[in-house]
Amino acid sequence: MPTIQPMDFDKDMKNHPEISQLLRVIMTADPLAVAEGTNYVIIGGPDDQFKFTKSGGGYTVEKTK
């Protein structure tokens, strides 16, 4: 079984700006909304929204707002 490596935010965030934005939304959005559908989850705040869509290998994430 592969070992999960911790994220190094100094290195990893510049390569994945949508994850950085998502974390900011989770930490600071007021209100924070979460919606769940059959194959997706949406997390968002007043100015940003992210959609996680279930696929064969897990979830893909896209910034939708």
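Predicted, not measured: the structure shown is a model, and the values here were computed from it.

Conventions used here
- Residues numbered from 1 in each chain as written.
- Predicted model: local features only at pLDDT ≥ 70, side-chain atom pairs only at ≥ 80, totals over all residues.
- Heavy atoms only, no water.
- Helix = DSSP H or I, 4+ residues; strand = E, 2+ residues; numbered from the N terminus.
- Buried < 20%, exposed > 50% of the residue type's maximum accessible area, 1.4 Å probe, protein only.
- Contact = heavy atoms within 4.5 Å.
- Areas by Shrake-Rupley, 256 points an atom, 1.4 Å probe, with all protein chains shown as cover.
- Pairing = 2+ DSSP bridges.
- Axes fitted to C-alpha atoms, helices over the stretch in contact; angles between N-to-C directions.
- Core = buried A, V, L, I, M, F, W, Y, C linked by side-chain atoms within 4.5 Å.

Participant: When you look at the overall build of the protein in this model, what are you seeing that I'm missing?
Facilitator: Check the secondary structure of the protein and you find 2 helices and 4 strands. Mapped from its N terminus to its C terminus, the protein presents α and β elements in the order α-α-β-β-β-β. The proportion of buried residues among the 65 residues of the protein is 17%. Taking contacts inside the protein between residues at least 6 apart in sequence as the whole, the part at least 24 apart equals 10%. Surface exposure of the protein reaches about 5,200 Å², of which carbon and sulfur atoms provide 54%.

Participant: Just checking my understanding: could you explain the sheet that holds strand β2 (residues 40–44) for this structure?
Facilitator: Sheets are built from strands that pair by backbone hydrogen bonding, the pairs being arranged parallel or antiparallel. Read from one edge of the open sheet, 4 strands run β1-β2-β3-β4, paired in antiparallel fashion. Of all the strands in the sheet, the pair left with one neighbour each is β1 (33–36) and β4 (58–63). Ignoring which end each strand starts from, the neighbouring axes of this sheet average 15° apart.

Participant: Got a minute to help me understand the nonpolar core in this structure?
Facilitator: Looking at soluble globular proteins, one finds that nonpolar side chains tend to be buried together. Leu 22, Val 25, Ala 29, Ile 43, Phe 50 and Phe 52 form the largest nonpolar core, which has 6 residues in total. Breaking this core down by element, the ones donating at least two residues are α2 (17–28) and β3 (49–55). Leave out the neighbours within four places in its chain, and Leu 22 touches Ile 43, Phe 50 and Phe 52.

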